[in-house]
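Descriptive structure summary
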Amino acid sequence: MSQSRMLNYVSFALLMAATAMGYQSLWGVLFLYWTIPNFYSGYAFLLSNVTRDEDPVLFWLIQIAWLVLGLVMVAADFFPSMA
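Below: a short report on this structure. Treat the numbers as computed from the prediction; the structure is a model and nothing was measured.

A tally of helices and strands in the chain yields three helices and two strands. Here the C-alpha radius of gyration of the chain, 15 Å, is well above what a compact globule of 83 residues would show, namely 12 Å. Here the C-alpha coordinates of the chain stretch approximately 40 × 40 × 20 Å along the principal axes. Here the contacts in the chain between residues at least 6 apart in sequence split such that 44% fall between residues at least 24 apart. In the structure as shown, the chain presents an accessible area of about 6300 Å², 71% of it carried by carbon and sulfur atoms.

Below, the structure is given as C-alpha cells:
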C-alpha cells in the first residue's frame, strides 16, 4: 500500500474517532487544509467544479465558507462557551 493511501486510511480513522468523541477541530483543520490548494489552483469543488476564472463570486464564497467553517470548528473545541 502506498504511503499516501495509508495516510488517507489513518486520517479517516482519526476523523471518525474524533467525531465519535465529540471533537470537531480535526474536521475544522481539514476544511482549512482544503482551501490551500484551491487558492493556488483556482479550482474549488462544491457539487461540481467551480473555477475562479469562470465564476469568481461563487469560487470566493466557497473559499470564505471553508475558512469560516474551519475556524469555527477549531474554535468550538478550544472555546466551547462560544459554540
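What follows concerns the environment of Asn-38. By the element assignment, Asn-38 lies in helix α2 (residues 25-41). Residue Asn-38 is classed as buried on the basis of its relative accessible area of 13%. A C-alpha to C-alpha distance of 10.0 Å links Asn-38 and Val-50, two positions 12 residues apart in sequence. Non-local contacts of Asn-38, meaning those with residues more than four positions away in its chain, are made with Tyr-43, Ala-44, Arg-52, Phe-59, Gln-63 and Trp-66.

Counting seven residues, the largest nonpolar core is built from Phe-31, Ala-44, Val-50, Phe-59, Ile-62, Trp-66 and Met-73. In contact with Trp-66, other than residues within four places in its own chain, are Phe-31, Leu-32, Thr-35, Asn-38, Phe-45 and Leu-46.

What counts and what doesn't
Residues numbered from 1 in each chain as written. Predicted model: local features only at pLDDT ≥ 70, side-chain atom pairs only at ≥ 80, totals over all residues. Heavy atoms only, no water. Helix = DSSP H or I, 4+ residues; strand = E, 2+ residues; numbered from the N terminus. Rg over C-alpha atoms; globule rule 2.2 N^0.38 Å. Contact = heavy atoms within 4.5 Å. Areas by Shrake-Rupley, 256 points an atom, 1.4 Å probe, with all protein chains shown as cover. Buried < 20%, exposed > 50% of the residue type's maximum accessible area, 1.4 Å probe, protein only. Core = buried A, V, L, I, M, F, W, Y, C linked by side-chain atoms within 4.5 Å.

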